[in-house]
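Tertiary structure, described
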Amino acid sequence: KKQLFSAFCILNSVNAAFLSNTQQQQQHAQLSKSFTSTPAVTTSFGLPTTFLHTPKSTSSTVVNVGKMDTSDDGPNWIEPSIPTGLGGGSVKSSSGVEEYDMGIFGESYQTGPLSQKMYDALMTAASKRFPPGQEIPSELLDVYMTYAMDMTAREATKAALDTNGLDMAEPEQSITTGEDGLWGNIANVQLIDLETGEIEEEEYTSFQEAVEKGDWEPGQTFNFVVRNVPASTKDIDISQLLSALDPEGALRAEAKDKGMTMPDEDVESLLALGNDCERRCELSPREANDESSVFSGKMGVRGYSVISRSDLLQDSMNRDGTENRATLMHTMDALVSHSCLIVDLSDGGTSYQSTMALSKMWEATSTFFTAIDENPELETSTLPSMDVAEGAGSRHAVVGYASYKDGDMRFVETRFKRGGKAVMMPAEVETILGADSIQSIAESFDAMVGVGKDVVRIATAASSMEVDAFVERKKSSSSNQPSGYMEEDEEMPFISGLSLEDAVTTGLVEGIEEIDDEDNWDYEPSENELTLASIRASEAAIRLADELIDDSNPLKAESIEALESTAVGEGSVSMSPHRLCRYSNTQQKEEVMDEVFGAHTDTTFVTLIPAASVSGLEVYDEDAAVWFRPELMARKHWEAERRERGEDPSALTETIQIAAGDDETEEVVIPWHARYLIVMPGELLQLTSRNEIPAAVHRVVAAREGQSRLSAPVLLRARTGIKMNVERYFGNLDVAGPLLMECQGIPMEDLHDAMQPSSMQKQ
């Protein structure tokens, strides 16, 4: 419903209102060929030449009986199955799967030509299982013929269900084993005479019977009745719905002219990516809830679960250089479905170096805003306003202080100079805080940036692995046996004597096209080659994280040498700011939540937000379709961990022992929230993940007359001095796609500008 709504909003062509369930069902019915009600006819149990349905008992009422095809080739029918011995009611499961009885007229669904194709494909694959010159055993021929009929019938039934807005809900084993009865029970079979085209007199109770009697041959059309076919209502298809609403394509063309992407289309340009992010922000709800009613995630669910910092490290990758699958799946699930990943920097309270850095950073942030409150002249005369940093080399690298909404949103944009001692811009911040606090902020910056680079590495590698971007494209190699021949001792699942691989090759398993010429078979990489491709994907993702992400360090010498002409120089100031913020809401008296920083996305690889003591960051959860407050999930993790240890879950701090000299320790008190870091994907990660991970739509809310919220995000952006090298970071160009290919050779500064939405580019 949200996708449909967004399409309407893009084009301003219809009222912006969600369709109710009833309206969806009505629209769905218009898009598919609906059941045409016809009276039930009582005949013998066999199939009459008119192929009309016979009710199971003359007292039962037949519902939803009708033709499934509008052609004049013959009548087809469908009705809900009725349990044996019952006078009414359909067979339906709690999952919404209902069983149907169906009559299929062969001419309508071309069962003759389709069965010939099935049989030929089976025989081609079967011949590869035996050495050259050896004939296929005769006892297998009947099996292959029966299987060809069964597969043909199944595909015809699927097509008939699809015509009526239904999907077959068959168990997976019916595909991999061909076991009879799993997708339906064949009740009657009629054969069509090859010469006269008339229905033959004899009827059969199964495909096997027709084959064993020698009456059917491949290519011969047949009619059949199948009972108890499990099916469920098809999900509404957004493409079909949009086509029905815009049959001439005028609205879609208008959207394309404006650089907009419809909900059923892939983002294929940088402008479309920017517009898509803007659209999703505009569609997000504006109302806000307090902590007691806002969505705070689901404990124990992988995408919401907190991940340990050490799991993200390169040291935690597999020994062969591939990404750890559990970490990869957790990371991708969190970013794709919920738009953020929550990281425990302390690894469950076992390592506190990064946590202590964030704790000191929070102290410095609090000190900064307290100083401004106590001495307003710092705000008016000491701190510079926002301006481009000297030596930045980019107009986007601004530093300075700003205050909005009568002081309800205040922040100072800081950046570090590259390398060496922690030198922060603007220098006036150090005047207020002192050198030690600046050093603490620099250490927290490094800790957060390290997490961000690891998350970008994992996400980029995963997206490359998904499309086999580093698999070498080549033809199958020659050997002593014909291509596709398999030794008898190979352990493979079988389908009626065929391996699953053979069945895939024939096209009987969905997703693989039939191959007519053996010489044109695509090379199937081995497990070792896939592993090698995964290693290359991770290596390329590491290069991307080191070379494209601005971590405030100079580009490594080996990278400069490798990049050669694609490095165009960079400024002396980091492009990734560390922003110190304070959000308040003092303008109204009511105790309700309100936006203080509206919904937006960031032009970053990731935005790194240390969890605050006062919650207020909200991320739009793409899976739950609600605003999600990750800081509350971090708090739940803290409380659950303390309960497990038998400690007070309501505590706001923890005391740890750290080394203070030879055989000496000292106690350090750390606030609970200093352990947690929230990682949100930005627009650049949407790009490098091949549009797999949408940039997080997020906002900040605050309670009116409530406690101010401090925040200290790091916006991890790109080095301006690098030109995009798609092959170096993303592998084979033939699977890069138009979005990445548009970036080829573009400096990251220009790429940043190109992905801004149309509304921003006009300014």
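Structure report, in brief.

1. Considerations on the packing of helix H13 (residues 353-374) against helix H16 (residues 435-466)
Where H13 contacts H16, the two axes come as close as 8 Å, and the packing angle between them is 135°. Taken together, the axes of H13 and H16 lie oblique to each other. The chirality of how H13 crosses H16 is left-handed. Contacts between H13 and H16 involve Ser 354, Ala 357, Leu 358, Lys 360, Met 361 and Ala 364 from the first element and Ser 437, Ser 440, Ile 441, Glu 443, Ser 444, Ala 447 and Met 448 from the second. Split into classes, the residues belonging to the contact of H13 with H16 amount to seven nonpolar, four polar and two charged.

2. So, the environment of Arg 642
Following the sequence through the fold, Arg 642 ends up in helix H20 (residues 630-644). Among the residues examined, Arg 642 registers a relative accessible area of 12% and is labelled buried. The residues contacting Arg 642, other than those within four sequence positions of it, are Glu 647, Asp 648, Pro 649, Ala 651, Thr 653 and Glu 654.

3. A closer look at the packing of helix H12 (residues 325-338) against H16
Close contact between H12 and H16 brings their axes to 10 Å; oriented N to C, the two are set at 95°. With respect to each other, H12 and H16 are oriented roughly perpendicular. Residue-level contacts link Thr 327, Leu 328, Thr 331, Met 332 and Leu 335 of H12 to Val 455, Ile 458, Ala 459, Ala 462, Ser 463 and Met 465 of H16. Tallied by class, residues from the contact of H12 with H16 come to eight nonpolar, three polar and no charged.

4. With respect to unusual backbone geometry
Of note, the amide linkage connecting Met 425 to Pro 426 takes the cis form, showing an omega dihedral of 0°. Considering the arrangement of structural elements, one finds Pro 426 in the loop between strand S12 (424-425) and helix H15 (428-433). In this structure, Asn 228 is a non-glycine residue whose phi angle is positive, near 55°. Here Asn 228 is to be found in strand S6 (residues 222-233). With a phi close to 80°, Ser 552 is a non-glycine residue in the positive phi region. The topology assignment puts Ser 552 in the loop between helix H18 (527-547) and helix H19 (557-563). On the basis of relative accessibility, which here comes to 8%, the residue Ser 552 falls in the buried class.

5. Some points on the pairing of strand S22 (residues 676-681)
Here S22 lies mainly inside the structure; six of its six residues are buried. Residues Tyr 676, Ile 678 and Met 680 point to one face of S22 and Leu 677, Val 679 and Pro 681 to the other, with burial holding for every one of them. Note: strand S8 (residues 341-344) against S22, four bridges, orientation antiparallel. By the bridge assignment, Leu 341 is partnered in S22 with Val 679.

6. Things to note about the nonpolar core
Within the largest apolar cluster, 87 residues are counted, with the highest numbers of intra-cluster contacts made by Phe 368 and Leu 751. With 13 residues, H16 is the single largest residue contributor to this core. If sequence neighbours within four positions are ignored, Leu 751 has contacts with Leu 270, Leu 684, Leu 687, Met 724, Cys 743 and Ile 746. Core analysis: the second largest hydrophobic core is formed by 38 residues, Tyr 109, Ala 160, Trp 183 and Trp 216 among them.

Thresholds applied
Residues numbered from 1 in each chain as written. Predicted model: local features only at pLDDT ≥ 70, side-chain atom pairs only at ≥ 80, totals over all residues. Heavy atoms only, no water. Axes fitted to C-alpha atoms, helices over the stretch in contact; angles between N-to-C directions. Helix = DSSP H or I, 4+ residues; strand = E, 2+ residues; numbered from the N terminus. Parallel < 35°, antiparallel > 145°, perpendicular 65-115°, else oblique. Left-handed = near helix turned anticlockwise from the far one by under 90°. Contact = heavy atoms within 4.5 Å. Nonpolar A, V, L, I, M, F, W, Y, C, P; charged D, E, K, R; others polar. Buried < 20%, exposed > 50% of the residue type's maximum accessible area, 1.4 Å probe, protein only. Pairing = 2+ DSSP bridges. Core = buried A, V, L, I, M, F, W, Y, C linked by side-chain atoms within 4.5 Å.

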